[in-house]
Amino acid sequence: MKRICIILMMLHAVLLLHAQQGLPIDKLFQGQIIPQERMMETKVRGKMIAKYQLSYFHSLRFNASPTETRAIMALVDLGNPAIGSMQEKSTMSTNTTESLMVRLDSQGKQNRYLCAKVNKKNSKKSEMVVIYMEGTLSSLEKMKEILK
């Protein structure tokens, strides 16, 4: 019984690592654009997010230079060209804040979402949050309501 539990935990860990794989933004989640030590990472699965019709939530929060910010926003905007185009896209901007939300092609019954928010602190530094989510949630409009 103990072996089965260990095997299931290892399988679960492997599945978590492959959730956003195949997306251009995966480079960020792997620490290839912003080093891991500069990011605060949050991963959630299970009952805590099920009430939002989500099964997986993976977020990164970090400070970025203008060059890093542009590169990351371009990757979010690309969506998933290897599989197909994005299904929906929403952008919002103010003088100091920029948000981009993308609904990617579904994987089976799971709808996938990618969101990025930039809060420009000054000309040399921005605070960024990038979120990847999966679940049965059906639209970006509902996603906006959840994130408010």
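All figures in this text were calculated on a predicted structure; none of them were measured in a lab.

A few points about the overall build of the chain
Along the backbone of the chain there are 5 helices and 6 strands. Going from N to C terminus, the chain has its helices and strands arranged as α-α-β-α-β-α-β-β-β-β-α. When the 148 residues of the chain are sorted by exposure, 40% land in the buried category. Relative to all contacts within the chain whose residues are 6 or more apart in sequence, the contacts with residues 24 or more apart total 55%. Approximately 8900 Å² of the chain is accessible, and the part contributed by carbon and sulfur atoms is 57%.

Observations regarding the nonpolar core
In this structure, Ile25, Leu28, Phe62, Ile72, Met128 and Val130 are the most contacted members of the largest nonpolar core, which totals 23 residues. Broken down by secondary-structure element, the contributors of at least two residues to this core are α2 (26–29), β2 (54–64), α4 (66–78), β4 (97–107), β5 (110–120) and β6 (126–135). The contact partners of methionine 128, leaving out residues within four places of it in the chain, are Leu60, Arg61, Phe62, Ala64, Thr69, Ile72, Met73, Lys117 and Val118.

Focus: the pattern of salt bridges
Throughout the structure, instances matching the rule amount to 2 salt bridges. Linking arginine 38 and glutamate 68 is a salt bridge whose minimum nitrogen-to-oxygen distance equals 3.0 Å. Placement of arginine 38 in the loop between α2 and β1 (40–45) and of glutamate 68 in helix α4 is noted, with a sequence separation of 30 residues between them. Taking relative accessible area as the criterion, arginine 38 reaches 38% and is therefore assigned partly exposed.

What about the confidence of the model for the chain?
On average, the chain scores 78 in pLDDT, and the residues at 70 or more come to 76%. Low pLDDT, under 50, characterises residues 10–19; the stretch is placed with 9 contacts to residues that sit more than four places away or in other chains. Across residues 80–85 the pLDDT falls below 50, and counting only partners more than four positions away or on other chains, this stretch makes 10 contacts in the model.

Looking at helix α5 (residues 140–147)
Within the sequence span of α5, burial applies to Leu140, Met143 and Lys144. Taken end-on, α5 shows its buried residues confined to a sector of 100°, consistent with a single buried face.

A look at the side chain of serine 126
Looking at the element boundaries, serine 126 is found in strand β6. Given a relative accessible area of 7%, serine 126 falls into the buried group.

What counts and how
For every chain, the first residue of the written sequence is number 1, and numbering continues from 1 along that sequence. Restriction of local features to residues with pLDDT of at least 70 applies here, the model being predicted, together with a cutoff of 80 or more for giving and counting side-chain atom pairs; totals for whole chains, interfaces and linings are based on all residues. Remark: hydrogens and water are excluded; side-chain values derive from all non-hydrogen atoms of the structure. Helical segments are the DSSP runs of H or I of at least four residues, strand segments are the runs of E of at least two, and each set is numbered from the N terminus. Any residue under 20% of the maximum accessible area for its type is buried, any over 50% is exposed, and the rest in between are partly exposed; the area is computed with a 1.4 Å probe on protein chains only. Throughout, a residue-residue contact means that at least one pair of heavy atoms, one from each residue, lies within 4.5 Å. Where accessible areas are quoted, they stem from the Shrake-Rupley method and a 1.4 Å probe; at the residue level, only the protein chains shown are allowed to cover. Remark: nonpolar core denotes a set of buried residues (Ala, Val, Leu, Ile, Met, Phe, Trp, Tyr, Cys) joined through side-chain atoms within 4.5 Å. Salt bridge, as used here, is a side-chain nitrogen of Lys or Arg placed within 4 Å of a carboxyl oxygen of Asp or Glu. For every residue, the pLDDT score states the predictor's confidence, bounded by 0 at the bottom and 100 at the top. Working definition: the arc comes from the directions between the helix axis and the C-beta atoms, pointing outward to the latter.

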